[in-house]
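In case you want the letters, here they are:
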Amino acid sequence: MPESASNEPRLGLVGLGIMGAPIAQRLCERGYDLSVWNLEPEYFDRVRESGAKWAETPAEVWKASDIVLVCVLGDDAIDSICFGKDGFVSAGNGANLLVDLSTTSPEATVRFAKRLNDKLGADWVDAPISGGPKPARDGELTVMAGGNAGAFGKVESVLHEIGQNVTRMGELGSGQKTKILNQAIVGANYILMAEILATCKAAGIDPDLLPVCLKGGLADSAILQRIYTQMTAEDFDPPRSYVRQVYKDLKSVVGLVDDLALDLPLIDIAVAQYRRYAEAGNDMEDGASVSRLYQNRGEES
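When helices and strands are counted, the protein shows twelve helices and nine strands. Computed over its C-alpha atoms, the radius of gyration of the protein comes to 20 Å, within 12% of the 19 Å expected for a compact globule of 301 residues. Taking the principal axes of its C-alpha atoms as reference, the protein extends roughly 65 × 45 × 35 Å. In the protein, which comprises 301 residues, the share counted as buried stands at 50%. Across the protein, every contact between residues at least 6 apart in sequence was considered, and the portion connecting residues at least 24 apart equals 67%. Surface accessibility of the protein: about 14000 Å² in total, with carbon and sulfur atoms responsible for 52%.

See the structure below:
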């Protein structure tokens, strides 16, 4: 495919949400020719000044690009963008590689990749991300990739523009399976941090001093220093992640555990607690605000 004047591939990005927008800003800052689309056109305002170019449909993004990145909310959105009205396959020609930064099920990844290749001859790399909006903007994400080595090689340099840690975990779908494991760790720790905060308050310990005291010890972690401190400060607006996203990812964890016929009670309890909060009408709240589940319980008792 033809490349941009800078000899870098022309990029497309579909999805300008909480992670997609800072990724777009980062890629433009790094000098890439970037075409973008989002279901809600007003989201383009988030990246307009970065130099990104608006496309009217996903198909137009595909036509204008060599590599298209997708950062949306799960299987149904990916299906629509690829195969729905004005989706990628309706373009007929254009990009030769799709890179899915979303958290998509491994089964759908394999199915969609085969269908896209049959229709357009394009390769697929699953490359879900972790880290949040600020690391996305700063190029410091963790990227866990799956796909054949040749396809991964085409996009590896681009992934290093947004990620400080980029690892190919194996063949197609391996990145998504790794992301499920990542979300098991993150989701369980969201609940653990909420419970630790509630315990601190009940025990008369200053919650703000806990991460200071534990820093550098075996109990220290990015979750403790970032998510727990966000909980103590009630710093949930604007959201850094959404409850609906965390809950969706935790349901994927349950699906994988069930498929593998494993009995993992710690994960089961964490998912059940997060489900209680999500289903109480908190879908669009910050993911870390699950700490309020325990505050409300204390206030009611």
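Having seen the model, we can carry on.
For helix α6 (residues 149-162), built from 14 residues, the straight-helix expectation of 20 Å at 1.5 Å per residue is met to within 8% by its first-to-last C-alpha distance of 19 Å. For α6, the principal kink sits at valine 155 and spans about 50 degrees. Where α6 starts, the residue carrying a side-chain oxygen 3.1 Å from the main-chain nitrogen of glycine 150 turns out to be asparagine 148.

Turning next to the packing of helix α3 (residues 75-83) against helix α4 (residues 106-120). The contact between α3 and α4 brings their axes to 11 Å, and the two run at 0 degrees. One element, α3, and the other, α4, form an angle in the roughly parallel class. In this structure, α3 uses Asp75, Ile78, Asp79 and Phe83 to contact α4, whose residues at the interface are Ala108, Phe112, Arg115 and Leu116. Within the contact of α3 with α4, the residues separate by chemical class into five nonpolar, no polar and three charged.

The next thing to look at is the pairing of strand β1 (residues 11-14). A two-sided burial pattern is seen for β1, the buried positions comprising Leu11 and Leu13 on one face and Gly12 and Val14 on the other. With four bridges connecting them, β1 and strand β2 (residues 34-37) associate as parallel partners. By the bridge assignment for β2, valine 14 is matched with tryptophan 37. A crossover links β1 with its parallel partner β2, the connecting element being helix α1 (residues 20-29), and its sense is right-handed. Direction of pairing for β1 relative to strand β4 (residues 67-70): parallel, over a ladder of four bridges. Bridge pairing in β4 places leucine 11 opposite isoleucine 67.

One finds Leu13, Ile23, Leu34, Val99, Leu101 and Leu159 to be the most contacted residues of the largest nonpolar core, which totals 37 residues. Elements with a contribution of two residues or more to this core: β1, α1, β2, β4, β5 (97-100), β8 (141-146) and α6. Looking at which element gives the most residues to this core, the answer is α6, with six residues. Filtering out sequence-adjacent residues up to four positions away, leucine 13 remains in contact with Gly20, Ile23, Ala24, Leu34, Ser35, Val36, Trp37, Val61, Leu69 and Cys71. Tyr190, Leu224, Leu256 and Ala288 belong to the second-largest nonpolar core, a separate cluster that totals 34 residues.

Now for the packing of aromatic side chains. We describe a pair of aromatic rings using the distance from one ring centre to the other and the angle between the two ring planes. As enumerated under the stated definition, the model contains five aromatic pairs in all. With a centroid separation of 6.5 Å and an interplanar angle of 55 degrees, the aromatic rings of tyrosine 190 and tyrosine 274 are classed as tilted. With tyrosine 190 in helix α7 (residues 174-203) and tyrosine 274 in helix α11 (residues 265-278), the pair connects residues that are 84 residues apart, well separated along the chain. Accessibility assignment for this pair places tyrosine 190 and tyrosine 274 in one class, buried. Through successive ring pairs, a cluster of aromatic residues spans Phe83, Phe112 and Trp124.

On to a negative patch on the surface, then. A grouping of Glu107, Asp258, Asp259, Asp263 and Asp268 is seen on the molecular surface, where their side chains present a negatively charged patch. Relative to the helices and strands, aspartate 258 is located in helix α10 (residues 243-259). Taking relative accessible area as the criterion, aspartate 258 reaches 53% and is therefore assigned exposed.

Calculation criteria
Residues numbered from 1 in each chain as written. Predicted model: local features only at pLDDT ≥ 70, side-chain atom pairs only at ≥ 80, totals over all residues. Heavy atoms only, no water. Helix = DSSP H or I, 4+ residues; strand = E, 2+ residues; numbered from the N terminus. Rg over C-alpha atoms; globule rule 2.2 N^0.38 Å. Buried < 20%, exposed > 50% of the residue type's maximum accessible area, 1.4 Å probe, protein only. Contact = heavy atoms within 4.5 Å. Areas by Shrake-Rupley, 256 points an atom, 1.4 Å probe, with all protein chains shown as cover. Expected span 1.5 Å × (residues − 1). Bend = angle between axes of the 7 residues up to and from the residue. Polar contact = N/O pair within 3.5 Å; in protein donor to acceptor, adjacent residues only side chain to side chain. Axes fitted to C-alpha atoms, helices over the stretch in contact; angles between N-to-C directions. Parallel < 35°, antiparallel > 145°, perpendicular 65-115°, else oblique. Nonpolar A, V, L, I, M, F, W, Y, C, P; charged D, E, K, R; others polar. Pairing = 2+ DSSP bridges. Right-handed = clockwise from strand over helix to strand, strands pointing away. Core = buried A, V, L, I, M, F, W, Y, C linked by side-chain atoms within 4.5 Å. Phe/Tyr/Trp six-rings, centres within 6.5 Å; stacked < 30°, edge-to-face > 60°. Patch = residues over 30% accessible without salt bridge, like charges linked within 9 Å, V, L, I, M, F, W, Y side chains within 5 Å. Salt bridge = Lys/Arg side-chain N within 4 Å of Asp/Glu carboxyl O. Lys, Arg positive; Asp, Glu negative; His and termini not counted. Charge placed at Lys NZ, Arg CZ, Asp CG, Glu CD.

The values reported here are purely geometric and, on their own, carry no functional implication.
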